[in-house]
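Now for the letters of each chain:
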Amino acid sequence: MKLAPFRAVIFDCDGVLVESEVLGLRSLRQALHEAGVERTLEDLTRFSGRSHGETLAELEAESRVPLFASGIAMRMDEYYMHLVGEEGLRTCPGVQQLLSLLLARRIPFTLASSGPRRKVLFSLQSTGLASAFPLFMCGDDVERAKPAPDVYLAAAALLGVAPTECLAIEDAPNGVRAACAAGMQVVAVTTSFSASTLTEANLIVDSLSLLQLHFAGLTQFAARET
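Remember, it's a predicted structure, so these values are computed and weren't measured experimentally.

How each quantity is defined
- Positions within a chain are numbered from 1, following the residues in the order the chain's sequence is written.
- For this predicted model, a pLDDT threshold of at least 70 governs which residues receive local features, and a threshold of 80 or more governs which side-chain atom pairs are given and counted, while totals over whole chains, interfaces and linings are taken from all residues.
- With hydrogens and water stripped out, all remaining heavy atoms of the structure feed into the side-chain values.
- A pair is scored as a salt bridge if a Lys or Arg side-chain nitrogen falls within 4 Å of a carboxyl oxygen belonging to Asp or Glu.
- Elements are defined by DSSP. Helices are runs of H or I of four residues or more, strands are runs of E of two residues or more, and each kind is numbered from the N terminus.
- The rule is simple: take the accessible area with a 1.4 Å probe, protein chains only, and divide by the maximum for that residue type; under 20% is buried, over 50% is exposed, in between is partly exposed.
- In plain words, nonpolar cores are sets of buried Ala, Val, Leu, Ile, Met, Phe, Trp, Tyr and Cys residues tied together by side-chain atoms within 4.5 Å.
- Residue contacts are counted whenever heavy atoms from the two residues lie within 4.5 Å of one another.

Asker: Explanation requested: the pattern of salt bridges in the structure shown.
Answerer: Opposite charge on two side chains lets them pair, provided their charged atoms get close. By the definition in use, this model includes 16 salt bridges. Lys-119 is paired through a salt bridge with Asp-14; the nearest N and O atoms lie 3.0 Å apart. One end of the pair, Lys-119, is in helix H6 (residues 117-126); the other, Asp-14, is in the loop between strand E1 (8-11) and helix H1 (21-34), with 105 residues separating them in the sequence. A relative accessible area of 8% means that Lys-119 is categorised as buried. With a relative accessible area of 13%, Asp-14 lands in the buried category.

Right under this line is the structure:
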């Protein structure tokens, strides 16, 4: 499938820019264990791409354990940072090349994550991407997390580009729905979920390395419009 012309690109963070989804789920599982709630990683996968607040609200209702009162959100981030310190964090394949292409074509870009700013910034700093994203939008900046469109609408406003002229890059069904609800074209990358769960996207690829092929006929349009 071909993409229509666009003027800006908005990235999700976890699973799109950085290979952090498994580390994030392991952090959530450890924080829940500390609070006396046991869940498998397979069960927790459904919370990928969702905010801490919505994740904990659903788990609190299921377990009837007062998770918010225990400060578990902060513990999740602490466990995540500890895991990154121990195991490292890598950018997803094709990220550096794609960012270089966008910079060369003068196509503006930013990121829109449901995660808290502290965690997102830590991930960017740990992978050397912080300088590429001096400004971004995250779950702390909006009232409703994905799948609501709020963070994508805020990211488009940050770039000064109409949402309908933005291309979003996502890896999770909730993120795809959020970008679609914002009126954006969406590319889904199968780094975290299977293609069969991402069918609402305009284009599905296995890696950002493949996405550059689809940009070839579009970047000139975007460059003229910026």
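On we go from here.
Asker: Can you help me understand the nonpolar core in this one?
Answerer: Here is a general trend for soluble globular proteins: nonpolar side chains tend to be buried in one another's company. In terms of nonpolar packing, the biggest core is built from 38 residues, with Phe-11, Leu-17, Leu-111, Phe-133, Ile-169, Leu-208 and Phe-215 touching the most fellow members. Here this core takes 5 residues from helix H5 (residues 95-104), the largest share from any one element. Contacts of Phe-215, omitting those with residues within four sequence positions, involve Leu-3, Phe-6, Leu-98, Leu-101, Leu-102 and Leu-167. Within the second largest apolar cluster, 24 residues are counted, among which are Tyr-152, Ala-172, Ala-178 and Met-184.

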